[in-house]
Amino acid sequence: MQQFSSAVAIGKPSAIALVKAGIGCAIVPKGNVAVIPGCEAMRTVVIDPPIYMTACLISSGDMPLTAAAEAVSALVAAQVEMHFKSASC
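Conventions used here
- Residues numbered from 1 in each chain as written.
- Predicted model: local features only at pLDDT ≥ 70, side-chain atom pairs only at ≥ 80, totals over all residues.
- Heavy atoms only, no water.
- Helix = DSSP H or I, 4+ residues; strand = E, 2+ residues; numbered from the N terminus.
- Buried < 20%, exposed > 50% of the residue type's maximum accessible area, 1.4 Å probe, protein only.
- Contact = heavy atoms within 4.5 Å.
- Areas by Shrake-Rupley, 256 points an atom, 1.4 Å probe, with all protein chains shown as cover.
- Salt bridge = Lys/Arg side-chain N within 4 Å of Asp/Glu carboxyl O.
- pLDDT = per-residue confidence, 0-100.
- Patch = residues over 30% accessible without salt bridge, like charges linked within 9 Å, V, L, I, M, F, W, Y side chains within 5 Å.

**Student:** Which residues make up the overall build of the protein, and what values do they have?
**Tutor:** Counting its secondary structure elements, the protein contains two helices and zero strands. Relative to its full complement of 89 residues, the protein shows a buried share of 7%. If you take every contact in the protein between residues at least 6 apart in sequence, the share linking residues at least 24 apart comes to 11%. For the protein, the computed accessible surface area is about 7,800 Å², with 65% contributed by carbon and sulfur atoms.

See below:
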């Protein structure tokens, strides 16, 4: 029987750790996984055409956001907007 203890080799169960353990494949944000200790032999294949995803912030439907959560929400929205404006130039 195969041991899966190496699936927690990089600190906690993750998609990369599961790939490293030989359990399967994963779709992850584009980057160089070879710089992760123990992942030097992994290869990445760019998905073409690119996959786009809509992200959302979630919160309790029973309670309004706190002032801090509202501030974080506004900050994230502003950062995303700024990123896409600079990327389209």
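**Student:** Go over the pattern of salt bridges, please, and point to the residues and values.
**Tutor:** Pairs can form between side chains of opposite charge once their charged atoms are near each other. Per the stated rule, a full pass over the model turns up one salt bridge. Glu81 serves as the salt-bridge partner of Lys85, at 3.1 Å between the closest nitrogen and oxygen. Taken together, the residues span about one helical turn, with Lys85 and Glu81 both in helix 2 (residues 67-87) at a distance of four residues.

**Student:** How would you explain the confidence of the model for the protein if you had to name every residue and give the values?
**Tutor:** Low pLDDT means the predicted coordinates in that region are not meant to be read closely. Mean pLDDT for the protein: 77, with 83% of residues reaching 70 or above. Taken together, the stretch residues 1-10 has pLDDT below 50 and engages in 16 contacts with residues farther than four places along the chain or on a different chain.

**Student:** Could you give an account of a nonpolar patch on the surface, with specific residues and numbers?
**Tutor:** Together, Leu57, Val72, Val76, Val80 and Phe84 make up a nonpolar patch on the protein surface, roughly 470 Å² of accessible area in all. Structurally, Leu57 can be placed in the loop between helix 1 (15-20) and helix 2.

**Student:** Which residues make up unusual backbone geometry, and what values go with them?
**Tutor:** Each neighbour pair has its own omega, and for Asp48 with Pro49 the value is 5°, a cis peptide bond. You can see Pro49 is positioned in the loop between helix 1 and helix 2.

**Student:** Explain the environment of Arg43 residue by residue, including any values.
**Tutor:** If you trace the backbone, Arg43 turns up in the loop between helix 1 and helix 2. Residue Arg43 is classed as exposed on the basis of its relative accessible area, which comes to 70%. Separated by ten residues in sequence, Arg43 and Val33 have C-alpha atoms that sit 7.8 Å apart.

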